[in-house]
Amino acid sequence: MDRTRIEDPWGRRTPFARGHMWPERVDEYFTDGVRAEDVQEWVPAASILDSNGDAMDIAVMDGRMVGVRGRATDRVNRGRLDIKSLHGWESGSSRDRLTTPMVREGGELVPTDWDTAMGRVVERCRRELESKGPRAISFYTSGQLFAEEYYTLTTIARAGIGTDHLDGNTRLCTATAGEALKETFGSDGQPASYADIDHADVIALFGHNVAETQPVLWMRILDRLAGEDPPRLLVVDPRRTVVAEHATVHLAPRPGTNLALLNALLHEVIERDHVDHAFVEEHTVGYGTLADEVADCTPEWAAQVCGLEATDIVAAAELVGGAERLLATVLQGVYQSHQATATAVQVNNLVLLRGMLARPGCGVLQMNGQPTAENTRECGADGDLPAFRNWQNDEHIRQLAEIWNVDMMQVPHHSPPTHVMEMFHHMQEGTITFLWISATNPAVSLPELARIRSILSDENLFVVVQDIFPTETTALADVVLPAAGWGEKTGTFTNTDRTVHLTERAVDPPGQARPDLDIFLDFAARMELTDRDGGPLVTWHDPESAFEAWKRCSAGRPCDYSGMSYDLLRERGGIQWPCTEERPDGTERLYEDGGFWAAPALCETYGRDLVTGASVQPTDYKALNPHGKAVLKGATYLPPHEEPDDEYPMYLTTGRTIYHFHTRTKTGRAPELNDAAPRVWVELSETDATEIGVAEGDRVQVSTPRGAMRGEVRLGDCRPGVAFVPFHYGYWDTDHPTGPPSEADGRAANETTVTDWDPVSKQPMFKLGVARIEKVTS
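So, a few notes on the structure that sits alongside this text. (Residues numbered from 1 in each chain as written. Predicted model: local features only at pLDDT ≥ 70, side-chain atom pairs only at ≥ 80, totals over all residues. Heavy atoms only, no water.)

## Section: the overall build of the chain
Reasoning step 1: Along its length, the chain carries 25 helices and 27 strands.
Reasoning step 2: Compactness check: the chain gives a C-alpha radius of gyration of 25 Å against a globular reference of 28 Å for 778 residues, within 12% of the reference.
Reasoning step 3: Projecting the C-alpha coordinates of the chain onto the three principal axes gives extents of approximately 70 × 65 × 60 Å.
Reasoning step 4: Residues counted as buried form 67% of the 778 residues belonging to the chain.
Reasoning step 5: Within the chain, counting contacts between residues at least 6 apart in sequence, those at least 24 apart form 74% of the total.
Reasoning step 6: Here the chain has roughly 25,300 Å² of accessible surface; of this, 46% comes from carbon and sulfur atoms.
Reasoning step 7: Across the chain, the mean location of the 73 positive side-chain charges is 2 Å away from that of the 119 negative side-chain charges. (Helix = DSSP H or I, 4+ residues; strand = E, 2+ residues; numbered from the N terminus. Rg over C-alpha atoms; globule rule 2.2 N^0.38 Å. Buried < 20%, exposed > 50% of the residue type's maximum accessible area, 1.4 Å probe, protein only. Contact = heavy atoms within 4.5 Å. Areas by Shrake-Rupley, 256 points an atom, 1.4 Å probe, with all protein chains shown as cover. Lys, Arg positive; Asp, Glu negative; His and termini not counted. Charge placed at Lys NZ, Arg CZ, Asp CG, Glu CD.)

## Some words on the sheet that holds strand E2 (residues 41–46)
Reasoning step 1: Read from one edge of the open sheet, four strands run E1-E4-E3-E2, paired in antiparallel fashion. This sheet does not close on itself; its edge strands, each paired only once, are strand E1 (28–30) and E2. Each neighbouring strand pair of the sheet contributes to a mean axis angle of 25°, computed without reference to strand direction.
Reasoning step 2: Judged from the three bridges that link them, E1 and strand E4 (residues 64–70) form a sheet pairing that is antiparallel. Among the inter-strand pairings, Glu28 is bridged to a residue of E4, identified as Arg69. (Pairing = 2+ DSSP bridges. Axes fitted to C-alpha atoms, helices over the stretch in contact; angles between N-to-C directions.)

## Concerning the sheet that holds strand E5 (residues 102–105)
Strand pairing in a sheet takes place through backbone hydrogen bonds and is either antiparallel or parallel in direction.
Reasoning step 1: Taken together, seven strands build an open sheet; the order of strands is E6-E5-E17-E16-E15-E7-E8 and the sheet is mixed. Strands at the two margins of the open sheet, each flanked by one partner only, are strand E6 (108–111) and strand E8 (166–168). Each strand axis lies, on average, 20° off the axis of its neighbour in the sheet, ignoring direction.
Reasoning step 2: Examined bridge by bridge, strand E7 (residues 137–141) and strand E15 (residues 434–438) share four bridges and lie parallel to one another. In the sheet register, Ser138 faces E15, and the bridge partner there is Leu435.
Reasoning step 3: Seen against the sheet, helix H3 (residues 147–161) touches E7, E8 and E15 and runs at an angle of roughly 165° to E7.

## Describing the packing of H3 against helix H21 (residues 543–554)
Reasoning step 1: Their axes nearest at 9 Å, the elements H3 and H21 cross at an angle of 65°. On the basis of the axis angle, H3 is roughly perpendicular to H21. By crossing handedness, the relation of H3 to H21 is classed as left-handed. Contacts from Glu148, Tyr151 and Thr152 in H3 reach Pro543, Ala546, Phe547, Ala549, Trp550 and Cys553 in H21. (Parallel < 35°, antiparallel > 145°, perpendicular 65-115°, else oblique. Left-handed = near helix turned anticlockwise from the far one by under 90°.)

## A few points about helix H17 (residues 420–429)
Reasoning step 1: Three or more residues of H17 are buried, namely Val420, Met421, Met423, Phe424, His426 and Met427.
Reasoning step 2: Contacts from the buried residues of H17 go to E7, E8, E15, helix H18 (442–445) and helix H19 (449–457).
Reasoning step 3: Where H17 ends, the next residue or the one after it, Gly430, has phi of about 90°, a positive value.

## As for the pattern of salt bridges
Reasoning step 1: Tallied over the entire structure, the rule returns 52 salt bridges.
Reasoning step 2: In this structure, Arg75 and Glu588 form a salt bridge, with 3.1 Å as the shortest nitrogen-oxygen distance. Taken as a pair, Arg75 in the loop between E4 and helix H1 (83–87) and Glu588 in the loop between strand E20 (575–576) and helix H23 (618–624) lie far apart in primary sequence, 513 residues in all.
Reasoning step 3: Classification of Arg75 as partly exposed rests on a relative accessible area of 22%.
Reasoning step 4: When the shortest N-O distance is used, the salt bridge between Arg220 and Asp198 registers 2.8 Å. One end of the pair, Arg220, is in helix H6 (residues 215–225); the other, Asp198, is in the loop between helix H4 (175–185) and strand E9 (202–206), with 22 residues separating them in the sequence. (Salt bridge = Lys/Arg side-chain N within 4 Å of Asp/Glu carboxyl O.)

## Concerning the packing of aromatic side chains
Reasoning step 1: Scanning the model with the defined rule gives 19 aromatic pairs in all.
Reasoning step 2: Taken together, a centroid distance of 4.8 Å and an interplanar angle of 80° make the contact between Trp436 and Phe523 edge-to-face. Taken together, the residues Trp436 in strand E15 and Phe523 in helix H20 (residues 516–526) connect sequence positions 87 residues apart.
Reasoning step 3: Plain terms: the ring middles of Phe547 and Tyr561 are 6.1 Å apart, the flat faces sit at 75° to each other, and that makes the pair edge-to-face. Here the residue Phe547 occupies a position in helix H21, and Tyr561 occupies one in the loop between H21 and helix H22 (566–572), the gap between them amounting to 14 residues. Across the pair, exposure class does not vary: Phe547 and Tyr561 are buried alike.
Reasoning step 4: Connected via pairs of aromatic rings, a cluster forms that spans Tyr151, Trp540, Phe547, Trp550, Tyr561 and Tyr566. (Phe/Tyr/Trp six-rings, centres within 6.5 Å; stacked < 30°, edge-to-face > 60°.)

## Things to note about the packing of helix H11 (residues 299–306) against helix H12 (residues 310–321)
Reasoning step 1: One can describe the packing of H11 onto H12 by two numbers: an axis separation of 8 Å at closest approach and a directional angle of 115°. Every pair of crossing elements has a handedness; the one defined by H11 and H12 is right-handed. Seen from H11, the contacting residues are Pro299, Glu300, Ala302 and Ala303; seen from H12, they are Ala310, Ile313 and Val314.
Reasoning step 2: Tallied by class, residues from the contact of H11 with H12 come to six nonpolar, no polar and one charged. (Nonpolar A, V, L, I, M, F, W, Y, C, P; charged D, E, K, R; others polar.)

## A few points about the pairing of strand E25 (residues 708–716)
Reasoning step 1: Strand direction decides the pairing type here: strand E23 (residues 681–685) and E25, joined by five bridges, are parallel. Across the sheet, the residue bridging to Trp681 is Glu712, located in E25.
Reasoning step 2: In this structure, strand E24 (residues 699–703) lies alongside E25, joined through five bridges in antiparallel fashion. What sits directly across from Gln701, in E25, is Arg710.
Reasoning step 3: Adjacent in sequence and paired antiparallel, E24 and E25 are bridged by four residues.

## Some details on the side chain of His283
Reasoning step 1: Counting through the fold element by element, His283 comes out in helix H9 (residues 277–283).
Reasoning step 2: Excluding anything up to four places from it in sequence, His283 contacts Gly594, Phe596, Lys629 and Ala630.

Listed below in structure tokens is the structure:
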């Protein structure tokens, strides 16, 4: 693989026509001096640096990784790899890998052995349990571990410790996806498949910059666009992104107005009678209420709210209303704003009104942000219960208690599981005094970083951090546990369209680093966690036995893995759940039989009020939806909580670049990726740059009511009045790794973002704030 892929991230085109199979194109990259024929072993894996789940093989020579290649036979990527997958693996050999446990002594982290480190963790956990009870204990995990690891952590936290304080950093990127699917279909689970791109005549992307967040999926769309009978694109994004440049209709609404726009699109679909009435009548409830909700949401009204032309809104409605096969996708532009779930649900409504479900080319993909975000949700490590069970349904709690062989009351279900924003509030208040963080970096990724650093530094909070590199968060920990990385351990993970891949250990982890599963198993054993018969609570001992335990928990639920095995995944590659004895090949699309997981006895939730977030009571849900149909649920648009004024005249939105993943702890250590985007920048429209008096490359300060950061100006195609800052950059590679000593040293976008969240999904509002931009140097 030549290095020009850094400059041409999506590579050469392989055009294909609608309804045909996506051609193969195998991407590969080797370290200098190595050729494919030199490779001694190819080890199966899948990409871990976005949510696409691209199948690949790791090249091994003399016990070290020397390259990667895409797997041509896999349904997800047909051999393609994005540039993070091609280059990101090189970070595994970075010289600053964590290789030894560390404990804090005299204010400093010092190396130690596993017995000492784990002994300190267990002693403190027991002390807090005995003195304060299980609600003093909390766990904050990731979207980057394996299903086996999440399920083990969930079992320890919920059935062993008995705490409801367990959440994942998927709260920041995909919580709204799960909630929107639950609100409409009764349960999490993507209805559509990536293969629907091959059949759609209209693809509508709402807040989804697919070119940078799922580059291989964008390659698939580009190849359709280059072939016969290409799809038409509707793109909703306040920036003129690469995706927007290919749009038939591009709408750039004012930040915080997505719901108004969606309500207007629904209004037009109903007004122009693009509704599939037979489908709606047979498969949904709530049509009349939804129609009433959007009756006054005309294009002219929405144009005023969103800062758009009414004719453009009508054109968008005609595009989706006239589609023969409509595929809709949704991501952070919707999820990380206020009224996020309410907006994402309206996209589901759009698909349902059009009857575009469970057929090739039809459906909705509420996209995920991280590679194993789906597993965090499935396994109950994100504020839900395992296998999409309902915390308000006693029968579901009984099932979990039986699976874990514990008393029902040991499984917390008196209130919704705690989300991370609330957990940090409890830490600030002093009621949570033990926090175990695995594979995430909240000292850069959470909003309002000065507050987060203050909480993590509090001497009354005991912080354990399990990671593969030193980060801004490990610098604040009391105990640091070195973990194995991708290619150094075995496990399964599931991508956005429910495809499960097995990735296997290719090389040994460095030093004393251990797989995350081994660390959790060690903790469970040292804590002597037992079931109600006095036997060990965690009965598995390695990845495959953990997978078998997870299969038993998932059986009979929407995400049923019972028909899979490690051997089957090795033989076939990616398989979509549900995979059962009756469906041994997996399931391409959900709901093909017209049934949903929405019946009161089956559903994952009874729903919430989309405006206030208040839980719907079981009796009310049973009255609304006794037969388990999809729910059409409307919501009234409300203005954002803060809007530009004289002091902060611009909107500020944060996001991603194709060259980096999350807080750059991996990609910042991969030379090619780091060289491609080494510094944070502030993207402005030319109009705003002129008004502020800055040019490309000038250094500016971005100030908000929360804090400030600085970066270089990059002129782009933001909507005028909107500034964009990538969120990846922190401080681990600076002279002040725990955080900036002054505002002038701030470079993390989340110095400026607000501690506020969507009322339903509890996802923070990274894309909705106000700011003042000022020039500081030329």
